[in-house]
Amino acid sequence: HFDSSHVWLRGGRIALPSYGRAMAGAGVSDEELQSMIKSLTAVHWTCWKSHSDPTAARALGRMRGPLTELMGYIVTSVLEEMRGNPGDPQVQAMGVNMLRAMIKDSEALKRIVLAGGGVEVLVLGVQQHPTDENLLTAALEAIDQLHGLASLLQALDHLKASPPGARAGLWAFARAAKDRWAEVGALPHRETVRVILSTAHAHQDDYRVLSTALELLADLVRAIVDMRCAFSDLGGWPWLLQVMEANAHHVRIQLYGCKLLSALSWGGCLVEAHMSETVTVLERCFVQHEAEECVLHWAFWAVQQLNGARALVNPMRNGCFKTASAMVAALKSLSAVKLGESDGACAEDMPAVVDAVVHAMDMFSERHDVLYEAMAVLGHVAAFVLGSSVCASVRQQLLPCVEVAVKALLHVMVTRSSDACSVQSACMALAGIIESCPEASPVQACIRAALLGGSGEGEHLLAKIIAAHVSNDSLQMALMWLNGIVVGVGPILQQMAQHSASHAVQLPAIRTLALLYGERIELEAADLASLPAALQSVLAAMRRFPENIVLQQHACYSLCAMTEHVADVPGSVSDEALSQCAVAAVEALRLVRGRCDGRQDSASYNALYLRKEGTRCIVAVCAMRPSLGRWLRESGLQDVLADALRSTADSVWDGRRDPEAEETLRLELLALSYVLGPPAILEALRRWGVVKPAVVRAAADAVVDLARGAMNRKLSDTPDPEMVAFAAPVQALIAAGCGAEFLAVMQVHAADEDLQSRIHLAVGFVGGCPPQL
């Protein structure tokens, strides 16, 4: 009983009112019928789009009864025809398709089909056509739509003896599980695994049944721990290994078998008694399917999950991998091993790993892909040994394997110096090893001697490679970084001077200087001594490439990083040099003056980041020499900073937060505060505070930065009376009424908890009594 005013159930069937039967007999042509259906669809969409309109709502209400009667009539007629022709596959197939189309996304029609005996009709069709796989699949999917995955699992259990039934049931269950994965966890775990395993057991020679069952089990046991345990308890391990061994030539069975093994290795069901046979099966898979990258990927993943690095090393050393693709897959899997955590991956196991990798490099010495993966593993392994927590005596015993790895990397750099990709891979690996070396390490000395030593005649190895690849940006970056951590800043400055016209040298050099000065708290004495020359080298590059936005951006950041070390070498950097840095940053900002950065393209991105790094540089310089802020103002350069702030603020949507823009706005406000005084923040709040929460966040952070900076600065450092506002920014902000402005915008943006906390912190510095939240 669904709706007593329109539909009646008599004996489980739907009866239509008399006028419905009369209309069914009216003479209507096929074309007119199609036109009526289209008209009904058009009326539906017209009313639905205007459902708030009273006329449309009444029309929809009047359609409810007739449509229910119509759909009930269609369902009844379809079920009657299927019930009357159980042996006709065409009738059954079309009926199933029509039922599936009707009940899709319609709970009301599902109830009508169920009330009309739809499930019984579907089951009857399945029983009458046990060998029609397509019909079986469609009927099972219809049953799933009506009753859910539990009914589909039950149907699979009943059909498992028939090959077509097993294939159709597994396929329908697998597809339904992927579409509604959340429902899978609600099924009884042990029963689900039992049904799938028993179905596969019943058809050991059916390739499609086995591959579908393996794929389905791999997905299930990867996601649900209890299903892994059930798989082991129900004899899944012997069955899986037997299937993989008996079907060693079938690609899909090996692929899904390896996926299942990797999923089982996640824990909860490992059986030591099967480990040896499992590794044997996987090694056979390596050999027979070395041209199948997907199979190799999952096979290597399974073997390293089950038996650690050792299971990969032995086949590599024994020559099991005859092709380059197989070796690449093995090396990729080896690089994914968690050194120090996995089985066969402790520090004492690393000599065998290095030996196997070097052997692979010798086997495929002309293959760049093998060398690339091998060098990544060597760098990773050598750095792990040098940084491991083993005792000094053990580490000393392991040093020979590190030396072997270093020699292999250096050999690639010498013999393949014209191959930019190989050289870059070697450079990155050596850089990782050097950064892991303790002080006065013989390994570091060995690398330094190889890269920079020699007979003393001609250029050393690094210089030759830099000169040979002067136009390769990415390689130059790797070479510069390696040069910097091996020798220091000096050689980088020499390269910048020798190749002053090469953008491919200047940009990587600038980025390397930023890393060397920006990421190290304590610098080497030689790098500190080179600070003035480094500043001038970057400034020269900025003058050489004044229109290159990316270079200007990185140069501004590099100048900022170096400026922060000026206090470490008192008197070495003059005020004139710092003023040149400030002017260079302002000139860089002119490149993007008035340029919008609210679009999603590279030019917009670069404009925003140049403003960020340009103002960061000005903030660092003015913090180091406060008098430069007044000098910038007297030079009339404050307009560029004000324009940068305006462009960034205007690019942020009203009412929206933008972390990248907020950081840029903070730096722009700080720069203006150093040049025009802290009350510049107040003007920004008054202009944009109500509509742009991003500006409020930036202003609050800028106030906090100014206040904390003043706490660490002595007033005697700035004796000039005109610098009092800078020396005491909090007092200047309080006098300007900054606290009241923050309290006003706090009320506007009361729903933003993060912003509220930032404003509270700022108000705590500049006064005012924040309201209770």
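Please read all numbers here as calculations on a predicted model, not as lab measurements. (Residues numbered from 1 in each chain as written. Predicted model: local features only at pLDDT ≥ 70, side-chain atom pairs only at ≥ 80, totals over all residues. Heavy atoms only, no water.)

Considerations on the overall build of the protein chain
Scanning the protein chain from N- to C-terminus turns up 42 helices and two strands. When the 773 residues of the protein chain are sorted by exposure, 51% land in the buried category. If you take every contact in the protein chain between residues at least 6 apart in sequence, the share linking residues at least 24 apart comes to 72%. A total accessible area of about 35000 Å² is found for the protein chain, and carbon and sulfur atoms account for 54% of it. (Helix = DSSP H or I, 4+ residues; strand = E, 2+ residues; numbered from the N terminus. Buried < 20%, exposed > 50% of the residue type's maximum accessible area, 1.4 Å probe, protein only. Contact = heavy atoms within 4.5 Å. Areas by Shrake-Rupley, 256 points an atom, 1.4 Å probe, with all protein chains shown as cover.)

Digging into helix 35 (residues 638-651)
Residues separated by three or four positions in an α-helix point in the same direction, a consequence of the helix having 3.6 residues per turn. Compared with an ideal rise of 1.5 Å per residue, which puts 14 residues at 20 Å, helix 35 spans 20 Å between its outermost C-alpha atoms and is within 8% of the ideal. With ten of its 14 residues buried, helix 35 lies for the most part within the structure. (Expected span 1.5 Å × (residues − 1).)

Some thoughts on the packing of helix 2 (residues 30-49) against helix 3 (residues 54-84)
Put simply, helix 2 and helix 3 touch, their axes get as near as 9 Å, and they point 140 degrees apart. Comparing the axis directions of helix 2 and helix 3 gives the class oblique. For the element pair helix 2 and helix 3, the recorded crossing hand is left-handed. Residues Leu40, Val43, Cys47 and Trp48 of helix 2 touch helix 3, and the partners they reach there are Ala56, Ala59, Leu60, Met63 and Leu67. Partitioning the contact of helix 2 with helix 3 into residue classes produces nine nonpolar, no polar and no charged. (Axes fitted to C-alpha atoms, helices over the stretch in contact; angles between N-to-C directions. Parallel < 35°, antiparallel > 145°, perpendicular 65-115°, else oblique. Left-handed = near helix turned anticlockwise from the far one by under 90°. Nonpolar A, V, L, I, M, F, W, Y, C, P; charged D, E, K, R; others polar.)

Considering unusual backbone geometry
Even without being glycine, Asp105 reaches a positive phi, approximately 60 degrees. Relative to the assigned elements, Asp105 resides in the loop between helix 4 (89-103) and helix 5 (107-115). Classification of Asp105 by relative accessible area gives exposed; the value is 72%.

A closer look at helix 30 (residues 531-544)
When the terminal C-alpha atoms of helix 30 are compared, their 20 Å separation across 14 residues agrees well with the 20 Å that a helix rising 1.5 Å per residue should span. Every buried residue belonging to helix 30 is among Leu531, Ala534, Leu535, Ser537, Val538, Leu539, Ala541 and Met542, and all of these are buried. Elements in contact with the buried residues of helix 30: helix 27 (489-498), helix 28 (503-518), helix 29 (525-529), helix 31 (549-563) and helix 32 (575-590).

So, a nonpolar patch on the surface
Together, Val28, Leu33, Met36 and Ile37 line one region of the surface with nonpolar side chains, adding up to about 350 Å² of accessible area. Within the secondary structure, Ile37 is located in helix 2. Residue classification places Ile37 among the partly exposed residues on the basis of a relative accessible area of 45%. (Patch = residues over 30% accessible without salt bridge, like charges linked within 9 Å, V, L, I, M, F, W, Y side chains within 5 Å. Salt bridge = Lys/Arg side-chain N within 4 Å of Asp/Glu carboxyl O.)

Topic: the pattern of salt bridges
A side chain with one charge can pair with a side chain of the opposite charge if their charged atoms come near. Counted according to the given criterion, the structure contains 38 salt bridges. Its salt-bridge partner being Glu80, residue Arg83 comes within 3.6 Å of it at the nearest N-O pair. On the criterion of helical spacing, the pair formed by Arg83 and Glu80 is a turn pair, its members being three residues apart in helix 3. Residue Arg83 is classed as partly exposed on the basis of its relative accessible area, which comes to 29%. For the salt bridge of Arg697 with Asp701, the shortest nitrogen-to-oxygen distance reads 2.8 Å. Here Asp701 and Arg697 lie together in helix 38 (residues 693-711), a separation of four residues that amounts to about one turn. Pair check on accessibility: Arg697 and Asp701 agree, each one buried.

Looking at the confidence of the model for the protein chain
Confidence in the prediction of the protein chain, expressed as mean pLDDT, is 84, and 90% of residues score 70 or more. Element-level mean pLDDT values for the protein chain span from 34 in strand 1 (residues 8-10) up to 95 in helix 30. Low pLDDT, under 50, characterises residues 1-25; the predicted model gives this stretch 30 contacts beyond four residues in sequence or across chains. (pLDDT = per-residue confidence, 0-100.)

So, the environment of His460
Tracing the backbone shows His460 in the loop between helix 24 (442-452) and helix 25 (461-468). With relative accessibility at 26%, the residue His460 sits in the partly exposed group. In this structure, the C-alpha to C-alpha distance between His460 and Ala449, residues eleven residues apart in sequence, is 9.7 Å. In this structure, His460 is in contact with Leu451, Leu452 and Gly453, ignoring residues within four places of it in sequence.

Re the environment of Glu663
By secondary structure assignment, the location of Glu663 is in helix 36 (residues 659-676). Taking the C-alpha atoms as reference points, Glu663 and Arg697, separated by 34 residues in sequence, lie 9.1 Å from one another. Setting aside anything within four residues of it in sequence, one finds Glu663 in contact with Lys612 and Arg616.

Digging into the packing of helix 27 against helix 30
For the pair helix 27 and helix 30, interaxial distance at closest approach is 10 Å and the crossing angle is 30 degrees. Compared by their axis directions, helix 27 and helix 30 come out roughly parallel. Of the two possible hands of crossing, helix 27 and helix 30 adopt the one that is left-handed. Of the residues in helix 30, those touching helix 27 at Val489, Leu493 and Met496 are Ala533, Ala534, Ser537, Val538 and Ala541. The residue makeup of the contact of helix 27 with helix 30, split by class, is seven nonpolar, one polar and no charged.

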